[in-house]
Amino acid sequence: MEGFLTDEQREMMKVATETADNLPPSQKPNSILLTNHHLPKPSAAGKPSGASNAVKHRRSHAGRSIRSKKDGGGGKGTWGKLIDTDGDYDIDRNDPNYDSGEEPFELVGATVSDPLDDYKKAVASIIEEYFSTGDVDVAASDLIELGSSEYHPYFIKRLVSVSMDRHDKEKEMASVLLSALYTDVINPNQIRDGFILLLEAADDFVVDIPDAVNVLALFLARAVVDDILPPAFLPRATKALPESSKGYQVVQTAEKSYLSAAHHAELVERRWGGQTRTTVEEVKKKIADILKEYVETGDTYEACRCVRELGVSFFHHEVVKRALVTAMESHTAEALALKLLKEAASENLISSSQMVKGFFRLRESLDDLALDIPSARTKFDLIVPKAISGGWLDASFSYPSGECGRQQMEDEKLKRFKEDIVTIIHEYFNSDDIPELIRSLEDLGAPEYNPIFLKKLITLALDRKNHEKEMASVLLSSLHIEMFTTEDVADGFVMLLESAEDTALDILDASNELALFLARAVIDDVLAPFNLEEISNKLRPNSSGTETVKMARSLIFARHAGERLLRCWGGGSGWAVEDAKDKISNLLEEYESSGLVSEACKCIRELGMPFFNHEVVKKALVMAMDKKNDKMMLDLLQESFGEGLITTNQMTKGFTRVKDGLEDLALDIPNAKEKFKDYVELGKKNGWVSSSFVTSLTEDANLG
């Protein structure tokens with residue numbers, strides 16, 4: 001036996017045997033070798049007198065795989081037959097003579113490495129080499145060659161985090177490299193995502209780097225100064241991060257300590273000593289000087305030589321951008337500026353990618369540029385095709401000129417808006433945070449698309465539970481107060497009703513649900529009843545949309561319509577308008593009795609409905625008109641406004657609602673119009689209402 005078993009095999013056999021002996025009969029293994037027999041000693045002929053029926057074949061001493069005869073019978077180099085058995089037998093992997101060759105063939109996949117892990121290891125090497133050599137072009141080339149561009153945010157995180165724990169020289173080098181890679185290698189969205197990763201990891205950084213918050217704030221400020229992050233990134237990041245996080249502190253430090261300081265650009269640029277090369281601001285100044293001298297002399301050769309001597313090939317996009325601005329500012333300089341760019345491209349002084357990057361940067365800033373150069377967009381539309389046809393701007397820039405170009409940009413903007421609002425609406429359904437949604441919409445800066453937002457909001461709510469439908473109606477009411485005009489809301493419903501037949505294919509009860517949304521909008525004072533007629537007139541006659549409007553109208557004029565429609569979604573979210581009105585009436589009556597302004601303000605705040613504070617204004621003004629002594633209510637409005645509890649928007653909305661109802665008020669309060677004039681003057685004096693509201697009143701015949 002010693003000739004066949006190793007020590008390890010003997011130990012395995014012993015353990016297996018003991019385990020089997022301890023099992024109940026029903027659970028004992030099928031292997032006869034482990035239950036009733038011990039391995040026999042080999043005979044003189046070298047053959048054992050028996051073999052386990054579990055063994056179908058084994059390897060010879062020569063390492064060859066030799067198949068045994070049928071039923072485990074003997075054969076050359078095999079063990080003989082132990083007993084006669086019928087049927088198939090399980091393979092026992094605890095058998096000391098177990099041979100993996102007995103197992104059925106099975107395809108086993110090779111271990112696949114995580115591509116992200118591979119990427120991180122590769123960029124670690126690129127970063128270390130860059131810090132050793134300082135060669136921006138080599139680092140950029142290596143990163144391009146590495147591929148996997150979807151992981152570039154992790155490169156940014158790695159580059160910055162490694163440099164944070166090093167000297168100022170490496171920090172400066174990291175900032176310079178990011179600026180060089182911007183758009184050529186790493187696109188703006190990836191830059192943004194990389195800094196988000198850094199901010200999210202700030203709590204971990206401070207464990208090893210005590211001043212991590214300050215260092216990371218400098219990197220963030222530097223990115224803004226170097227134009228690789230937009231200033232709008234900071235407020236958005238502030239909203240997304242918990243106030244208790246280190247990332248939040250980083251953004252606050254960058255904004256208040258660095259970017260708000262006098263001469264902040266110079267301060268941030270020189271903070272790390274600019275040890276690697278000339279700072280970005282200095283390069284920009286030198287480029288401006290070169291172009292100014294070139295326009296005066298017209299010496300193209302000399303201008304190209306000066307650009308080459310700057311030694312910043314990764315920053316030539318700035319030459320392109322400033323040359324284009326120069327061309328737009330002066331008609332006489334236009335031909336010279338374009339000639340310089342063409343010459344620089346033909347000499348390979350400015351690479352194709354840098355040329356495209358320069359055009360791209362200018363296109364992104366056209367709206368701001370148009371404030372100083374009204375014809376900027378028109379001139380840009382004319383320059384682009386000239387550059388492409390002249391062969392010095394790659395056609396991949398793909399910027400159609402004229403009206404088509406503007407239409408394409410508008411289409412792209414609308415596409416991005418639709419993508420963004422889906423995320424915003426989903427976040428609202430999860431958080432029920434109306435003020436945050438309003439801030440997010442304001443950040444998008446596209447009020448012309450308000451009807452599209454309304455359509456998407458209700459469409460998404462239709463396919464959800466009553467809780468989300470209620471949230472959508474509540475949101476619509478607050479949006480009408482803060483951002484949306486009545487026309488926006490009406491246009492949004494027109495768009496919804498125009499596609500009602502398509503919506504019904506996916507949501508069977510869509511027509512009834514849309515009618516409820518429309519009727520609820522009227523009950524919530526978002527739409528007036530006559531707006532339904534206007535909406536119906538814009539729809540195709542006898543269409544599903546017009547039928548939905550008729551249904552909404554019948555719901556509105558039904559008995560107890562207000563109460564029923566306010567509860568149509570079960571009141572599952574937040575507040576109902578009638579409940580809110582009752583609470584406001586009660587707190588104003590209590591204030592009238594107690595005279596405690598601070599207590600009244602506290603109650604208004606505790607209502608938790610800042611988007612509905614216009615109702616407080618309206619009711620306070622009406623109660624003031626109805627009293628001989630109106631000072632108390634006016635004092636409350638002043639205190640609420642002074643504390644920032646009621647905004648100018650809410651004040652104006654409240655005054656507007658009173659103005660719209662003056663004819664009815666005058667039936668009960670004869671001097672309502674005269675008193676309202678006095679309140680408007682007080683509101684104007686104290687800054688309660690917007691100037692546009694005051695201007696509109698001067699033309700209002702009702703107050704004449």
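Per an unreviewed UniProt entry, the protein chain goes by MA3 domain-containing translation regulatory factor 3 and derives from Cardamine amara subsp. amara. Quoted verbatim from the Sequence similarities (unreviewed entry) field of UniProt, the annotation for the protein chain is "Belongs to the PDCD4 family." In its Subcellular location (unreviewed entry) section, UniProt records this for the protein chain: "Cytoplasm, Cytosol".

(A) Fine view of the packing of helix α7 (residues 188-200) against helix α9 (residues 212-225). Contact geometry for α7 and α9: axes closest at 11 Å, N-to-C directions at 160°. The angle between the axes of α7 and α9 places the two elements in the roughly antiparallel class. As for the relative orientation of α7 and α9, their crossing is left-handed in sense. Along its contact with α7, which presents Phe195, Leu198 and Leu199, the element α9 presents Leu216, Phe219, Leu220 and Ala223. A class-by-class count of the residues in the contact of α7 with α9 yields seven nonpolar, no polar and no charged.

(B) Seen up close, helix α4 (residues 136-146). Those residues of α4 that sit buried are Val136, Ala139, Ala140 and Leu143. All buried residues of α4 project into a common sector of 100° when viewed along the axis, lining one side. If you check the start of α4, you find a side-chain oxygen 3.1 Å away from the backbone N of Asp137, and it comes from Asp135. Of the residues one or two after α4, Gly147 is the one with positive phi, at around 75°.

(C) Quick peek at helix α34 (residues 648-660). Taking 1.5 Å of rise per residue, 13 residues should cover 18 Å, and α34 covers 18 Å from first to last C-alpha, within 8% of that figure. Along α34, the positions that sit buried rather than exposed are Gln650, Met651, Thr652, Gly654, Phe655, Arg657, Val658 and Lys659.

(D) Fine view of the nonpolar core. If you look at the biggest cluster of nonpolar residues, it comprises 62 residues, and the most contacted ones within it are Leu143, Phe155, Ile156, Met164, Phe195 and Leu220. For this core, the leading source of residues is α9, giving twelve residues. Among residues more than four places away in sequence, those in contact with Met164 are Lys171, Phe205, Ile209, Ala212, Val215, Leu216 and Phe219.

Calculation rules
- Residues numbered from 1 in each chain as written.
- Predicted model: local features only at pLDDT ≥ 70, side-chain atom pairs only at ≥ 80, totals over all residues.
- Heavy atoms only, no water.
- UniProt positions renumbered as here; feature names shortened; annotations may be inferred.
- Axes fitted to C-alpha atoms, helices over the stretch in contact; angles between N-to-C directions.
- Helix = DSSP H or I, 4+ residues; strand = E, 2+ residues; numbered from the N terminus.
- Parallel < 35°, antiparallel > 145°, perpendicular 65-115°, else oblique.
- Left-handed = near helix turned anticlockwise from the far one by under 90°.
- Contact = heavy atoms within 4.5 Å.
- Nonpolar A, V, L, I, M, F, W, Y, C, P; charged D, E, K, R; others polar.
- Buried < 20%, exposed > 50% of the residue type's maximum accessible area, 1.4 Å probe, protein only.
- Arc of directions from axis to C-beta.
- Polar contact = N/O pair within 3.5 Å; in protein donor to acceptor, adjacent residues only side chain to side chain.
- Expected span 1.5 Å × (residues − 1).
- Core = buried A, V, L, I, M, F, W, Y, C linked by side-chain atoms within 4.5 Å.

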